Each structure stands twice: as C-alpha cells, then as structure tokens.
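# Tertiary structure, described
Okay, here's what each chain looks like letter by letter:
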Amino acid sequence: MNLGLAALRFFSGVPDAVRDALLSGGHEKRYAKGDLLFMQDTPADKLFIVIDGWVKIYRTTPQGEEAVLALLKTGDAFGEASIFGHSLYPVSATAAEDAAVFEIPGHLLRAQAKASHEVMARVMDSMSRDLRNLQMENEHLALMSAPQRVGCLLLQFSSGTAGAGGSFTLPYDKSLAAARLGMKPETFSRALQALKPVGVSVDGPRVTVASFGALVDYCCTHCSALPGECPGAREGCDRAATCPGKKFIKISDK
C-alpha cells in the first residue's frame, strides 16, 4: 500500500479494507500543464484526487468563453458526480501546472460506498467544500475591493510561509490567478500595484509581503470566515469572539 496516498484527506476515517480496495483499484496518473482530464457533459466515470500540482476546474459557454471555478491542490478531490452512476461531469478539468492525480473508477467507488458509508461521507465532504468556497467567493465579490480580494489570495498562497513577513513564488500564472478571481489580467495587475502601501511588492512571479499582519488587517475585516474555514489562515491567526469580521494575528519574528 502507498502510505503517501493513504494519508490523503479523502481516505481519512475510511475503514482499512475499503481504503485498500480503493487504492489497489485506482491508479496514479501524471498530466502535463494544459492536459485535459475531462470535459463537461461527458460521462462521469472517475473520481480524482490531486497528489501534486494544480488542477483547473472550469465551465465554457457555447461561444467558447471560460469561467474558472476552482484551482485545486494536493488533497483536493473532484469528479464527485462519478459516485451516482450514469451522470455527466458538470465541469471540465485541466492541469493548470504539471500535476499528478489519483484516479478511482466510478464503479469501484460506488461498490465501496455500499461497503462503507464513510466513502459517501468523504464525497459529500468534498461537495460541501465546493459549496462553502462558492459562498465565500460570493461574499468576497459583494464586500471586498479588487485589491482586497487579491490580497486574500496572496495570504492563501503564503499560508505556509513562516515569520512576520516573507517572500514566495506564485504557484501558477498571474493570468490564471486573475481568471480564478473573475478579473481581467490588467485588473489583477492594477490590484497588485494598489497593495504597495500595504507592503506588497512583486517581481515577476515572486511576491514579497513586508507584514502578513498588515495584509490581514487590510483584507480580513471584510470576510466572515472562521479560522477553520480560512485557506489563508496562519499559525497563531485567530479571531476575537466579540468581532466576527476581524482576524487578530500573532506571528513570530523568527
């Protein structure tokens, strides 16, 4: 058994025998940047779990316009429609960067869901995550300015960066980041420039944040996410119970 795959969030709480059946019946596959995993309105015959890299989830209009719905990272599951049988994928999926995914055939997923309710619970948890993210994005569209939304995304990208400030590299193209936020590339660039007074500087794909605390203060007063819901939360980041719209941050200077 691959212990690295077994540690993925999707398999948490799944009985060992069921997990082993899913792991032995599925397979790992690598995709180069731009490779298509599946198209919307085609038969949903697999569940996918990101092992490494980034996967773009999107929909297209009859005119060929593309709306990016999500950019998924390690541990994220997608293709949940495969649990139902005779369903179609409601979205398309493409490798946003070189990516490795674990693919579980739909028939195996459905069989193991009958053997253990935890399999369906993991699928529902993934679908619930998608709904929570959509609700949060609608809130941000309503309450945040473009620079605040970009600042929120930078906090998400830098959540693993230790210290009061620091530098990191954008994990994918700025144009894709803009599409993820529903912005034109020029709007995204202007928003980055507008973050300079908050201590954000950009050199190509490299971003430096002088103070994560200052960026939190700038962005997070307009967000209702609880610490466990916030993909940009840092160690020591918390909210005051008396102020649900405010994050208080305690970051070591080390």
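No experiment lies behind these values; they were computed from the predicted model shown.

## Looking at the packing of helix α3 (residues 106–115) against helix α4 (residues 117–143)
- Following both chains from N to C, one finds α3 and α4 inclined at 120°, their axes separated by 5 Å at the closest point. The angle between α3 and α4 falls in the class oblique. Contact with α3, carried on its side by L109, Q112, A113 and A115, involves H117, V119 and V123 of α4 and no other residues of that element.
- Partitioned by chemical class, the residues of the contact of α3 with α4 number five nonpolar, two polar and no charged.

## Considering the packing of aromatic side chains
- Taken as a whole and assessed by the stated rule, the structure comprises seven aromatic pairs.
- Summarising the aromatic geometry, the rings of F38 and F78 are spaced 6.1 Å apart at their centres and angled 35° between planes, so their arrangement reads as tilted. One end of the pair, F38, is in strand β2 (residues 36–38); the other, F78, is in strand β6 (residues 77–78), and 40 residues separate them in sequence. Just as F38 is buried, F78 falls in that class too.
- Centroid distance F38 to Y89: 3.8 Å. Interplanar angle 15°. Geometry classified as stacked. With a gap of 51 residues between them, F38 in strand β2 and Y89 in the loop between β6 and β7 (92–95) connect regions that are remote in the sequence. This pair shows no difference in class: F38 is buried, exactly as Y89 is.
- Here the basic side chain of K56 rests over the ring of Y58, its NZ or CZ set 4.9 Å away from the ring centre.

## Digging into the environment of H86
- If you trace the backbone, H86 turns up in the loop between β6 and β7.
- Owing to a relative accessible area of 89%, H86 belongs among the exposed residues under this scheme.
- Residues H86 and L23 lie 63 residues apart in sequence; the distance between their C-alpha atoms is 23 Å.

## A few points about the pairing of strand β4 (residues 55–60)
- Pairing geometry for β4 and strand β5 (residues 66–72), over six bridges, is antiparallel. Residue pairing across strands places R59 opposite A67, the latter belonging to β5.
- Hairpin remark: β4 followed by β5, antiparallel, with five residues in the connecting loop; positive phi at G64, about 90°.
- Summarising the sheet, β4 and β7 pair through four bridges and their orientation is antiparallel.

## Description of the packing of helix α5 (residues 146–157) against helix α8 (residues 212–219)
- Contact geometry of α5 with α8 gives a least axis separation of 9 Å together with a crossing angle of 135°. Between α5 and α8, the angle falls in the class oblique. Considering only the axes of α5 and α8, their crossing is left-handed. For the pair α5 and α8, the contacting residues are P147, Q148, G151, C152, L154 and L155 in the first and F212, L215, V216, Y218 and C219 in the second.
- Residues of the contact of α5 with α8, tallied by class, amount to nine nonpolar, two polar and no charged.

Reading guide: rules and limits
Residues numbered from 1 in each chain as written. Predicted model: local features only at pLDDT ≥ 70, side-chain atom pairs only at ≥ 80, totals over all residues. Heavy atoms only, no water. Axes fitted to C-alpha atoms, helices over the stretch in contact; angles between N-to-C directions. Helix = DSSP H or I, 4+ residues; strand = E, 2+ residues; numbered from the N terminus. Parallel < 35°, antiparallel > 145°, perpendicular 65-115°, else oblique. Contact = heavy atoms within 4.5 Å. Nonpolar A, V, L, I, M, F, W, Y, C, P; charged D, E, K, R; others polar. Phe/Tyr/Trp six-rings, centres within 6.5 Å; stacked < 30°, edge-to-face > 60°. Buried < 20%, exposed > 50% of the residue type's maximum accessible area, 1.4 Å probe, protein only. Lys NZ or Arg CZ within 6 Å of the ring centre and 35° of its normal. Pairing = 2+ DSSP bridges. Left-handed = near helix turned anticlockwise from the far one by under 90°.

None of the figures reported here should be taken as evidence of function without further support.
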